[in-house]
Amino acid sequence: MASISEVAEAQRAFWNGEASDSWIREQEQRDRALAPLGELAMARLPLDAGGRVLDIGTGCGDTGLALAARVGADGVVLGVDISEPMLARAEERRRAAGLAQLRFAPGDAATARFPEAPFDAVFSRFGVMFFAEPVAAFRNIRAALRPGGALAFVCWRPVAENPWVAVPREVVLRHVTPPPQAPDAPGQFSFADRRRVAGILAEAGFTDVRFESHDREFAITTSPDLDAAVDAVMLRGPAGRFLRDADEAMLAKVRADMAPAIAPLIGDAGLVLGCGVWVVSAANPD
Ligand SMILES: C[S@@+](CC[C@H](N)C(=O)[O-])C[C@H]1O[C@@H](n2cnc3c(N)ncnc32)[C@H](O)[C@@H]1O
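Residues numbered from 1 in each chain as written. Predicted model: local features only at pLDDT ≥ 70, side-chain atom pairs only at ≥ 80, totals over all residues. Heavy atoms only, no water.

In terms of regular secondary structure, the protein chain is built from eleven helices and eight strands. Its C-alpha atoms give the protein chain a radius of gyration of 19 Å, near enough to 19 Å, the size a compact globule of 286 residues would have. For the protein chain, the spread of C-alpha atoms along the principal axes amounts to about 55 × 45 × 30 Å. Out of the 286 residues in the protein chain, the part that is buried amounts to 51%. (Helix = DSSP H or I, 4+ residues; strand = E, 2+ residues; numbered from the N terminus. Rg over C-alpha atoms; globule rule 2.2 N^0.38 Å. Buried < 20%, exposed > 50% of the residue type's maximum accessible area, 1.4 Å probe, protein only.)

In this section: the site of the ligand. Close to the ligand lie 18 residues; Gly 57, Asp 81, Asp 108, Ala 109 and Arg 125 are nearest. In this structure, Arg 125 approaches the ligand through a side-chain N or O atom, which is 2.6 Å from an oxygen atom. In the complex, 96% of the free accessible area of the ligand, which totals 590 Å², lies under the protein chains. (Near = heavy atom within 4 Å. Polar contact = N/O pair within 3.5 Å; in protein donor to acceptor, adjacent residues only side chain to side chain. Areas by Shrake-Rupley, 256 points an atom, 1.4 Å probe, with all protein chains shown as cover.)

Evaluated as defined, the whole model comprises 18 salt bridges. In this structure, the salt-bridge partner of Asp 31 is Arg 93, at a minimum N-O distance of 3.2 Å. Placement of the pair is Asp 31 in helix α3 (residues 27–42) and Arg 93 in helix α5 (residues 84–97), with a sequence separation of 62 residues. Judged by its relative accessible area of 10%, Asp 31 falls in the buried class. For Glu 91, the salt bridge goes to Arg 95, with nearest N and O atoms at 3.6 Å. Here Glu 91 and its partner Arg 95 are both found in helix α5, four residues apart, which amounts to about one turn of the helix. Overall, the relative accessible area of 57% leaves Arg 95 in the exposed class. Shared partners join several salt bridges into a network, and the residues in it are Asp 31, Asp 62, Arg 93 and Arg 125. (Salt bridge = Lys/Arg side-chain N within 4 Å of Asp/Glu carboxyl O.)

Let us now look at the environment of Phe 123. You can see Phe 123 is positioned in strand β4 (residues 119–125). In sequence terms Phe 123 and Val 154 are 31 residues apart; their C-alpha atoms lie 8.6 Å from each other. Among all residues touching Phe 123, those that are not within four sequence positions of it are Gly 38, Ala 41, Met 42, Leu 45, Val 53, Leu 54, Asp 55, Ile 56, Thr 63, Leu 67 and Ala 152. (Contact = heavy atoms within 4.5 Å.)

On to the side chain of Arg 94. Relative to the helices and strands, Arg 94 resides in helix α5. We classify Arg 94 as buried; its relative accessible area is 17%. When sequence neighbours within four positions are dropped, the list of residues in contact with Arg 94 reads Leu 65, Leu 99, Ala 100, Leu 102 and Phe 104.

It is the contact of helix α9 (residues 226–235) with helix α11 (residues 248–262), at a shortest axis distance of 10 Å, that shows an interaxial angle of 115°. At the point where α9 passes α11, the crossing takes the right-handed sense. Residues Leu 226, Asp 227, Ala 229, Val 230, Asp 231, Val 233 and Met 234 of α9 form the contact with α11, whose participating residues are Leu 251, Val 254, Arg 255, Met 258, Ala 259 and Ile 262. The residue inventory of the contact of α9 with α11, partitioned by class, reads ten nonpolar, no polar and three charged. (Axes fitted to C-alpha atoms, helices over the stretch in contact; angles between N-to-C directions. Left-handed = near helix turned anticlockwise from the far one by under 90°. Nonpolar A, V, L, I, M, F, W, Y, C, P; charged D, E, K, R; others polar.)

Quick look at the packing of aromatic side chains now. Counted according to the given criterion, the structure contains 14 aromatic pairs. Here Phe 138 and Phe 206 contribute two aromatic rings whose centre-to-centre distance is 6.4 Å and whose plane-to-plane angle is 80°, an arrangement assigned as edge-to-face. Of this pair, Phe 138 sits in helix α6 (residues 134–143) while Phe 206 sits in the loop between α8 (194–203) and β6 (207–219); the two residues are 68 residues apart in sequence, bridging distant segments of the chain. On the basis of relative accessible area, Phe 138 is assigned to the buried category, the value being 0%. For the ring pair Phe 211 and Trp 278, a centre distance of 5.7 Å and an interplane angle of 80° mean the geometry is edge-to-face. (Phe/Tyr/Trp six-rings, centres within 6.5 Å; stacked < 30°, edge-to-face > 60°.)

In C-alpha cells, the structure reads:
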C-alpha cells in the first residue's frame, strides 16, 4: 500500500503534469461549465465587502477572481494550489484583472500555513477530494478559519448520478479494465458518499455540516461537432485516466464506439449531459 507521502506526491505529479495541460488548454470551456456549480457553494458563504477568503485548489484561478470581486478592494483572497502551471495561468488572469486583494500561492492545503489567516470563509470548487489524509487536511483548513468562520465547497455525487462521466466511462470500460481503486482513494469521486464526508468534517472539528444535492446540465462542448465531443469525453475524468496508457489501435476502437454512443446526445448547443453535485457547508465553532 502506498504511504501518505507517496499518495500526496502522486497527486502533485498528476496536477503538475497531464492534468494541468488539459485544464489550462480547456480553461475557458471548463470555467463556463463549472462556474454555476461553484456559485452554488459561494451562496453558502458570507462574502461581504472586506471579507477574508481562502480558495482551496483554485487551479487556473476562476474562483479566486470571482471571490476577489465579491469581497472588493478592502478584502483579502488567497488562492492556493499544488499545480504550478495552473497557478501561472491564474496569476496572468489576476494581473490582467488588476486585483490587488487577490494572491495566488503554491501550497498543499493539507499542510500549508497561510500568512493571510485567519479567514472568514474557506471555499473550494472541486479542489478538496484529493487529500491523502482528509481528516488531517480539514483540521489544517479549520485552523485557518476564525472561530465562527464558514466552509463551503462543491464536490461530485456518485458517477451513476453524473451522466457526463457515466456515459463515456461505460464505453471505455467495454475496452479496458482499469486497475482496482478503493472508493475513498483521493480522486474526483472520493467525496461522493455524504456519510463519509460528514464523518471527515466532524472528526476535523467542523459543526453544522449540511449537504445540498443539486442536479444541473454540464456543457462538455459548445458546438454540434461530433469529433470535438469525442475528443473531449476521451480526455476528461475517469475515461481519460483509463485511456492514459492506451495505444493508437485501442484509442481508435474506443473512438469508433464512442461516436455512436454520444452522437444522439449532441444538440445545437453541443454535448450537454447531466451532472450531480453536493454543496457541502460547515462551520468552525466559536
Ligand atoms: C478539479 S481541479 C479544480 C480546479 C478549480 N478549483 C476549478 O474549479 O477550476 C482540482 C484542483 O485542486 C488542486 N489540488 C489538488 N490537491 C490539492 C492540495 N492538496 N492542495 C491544494 N490544491 C490541490 C489541483 O491542483 C487542481 O487545481
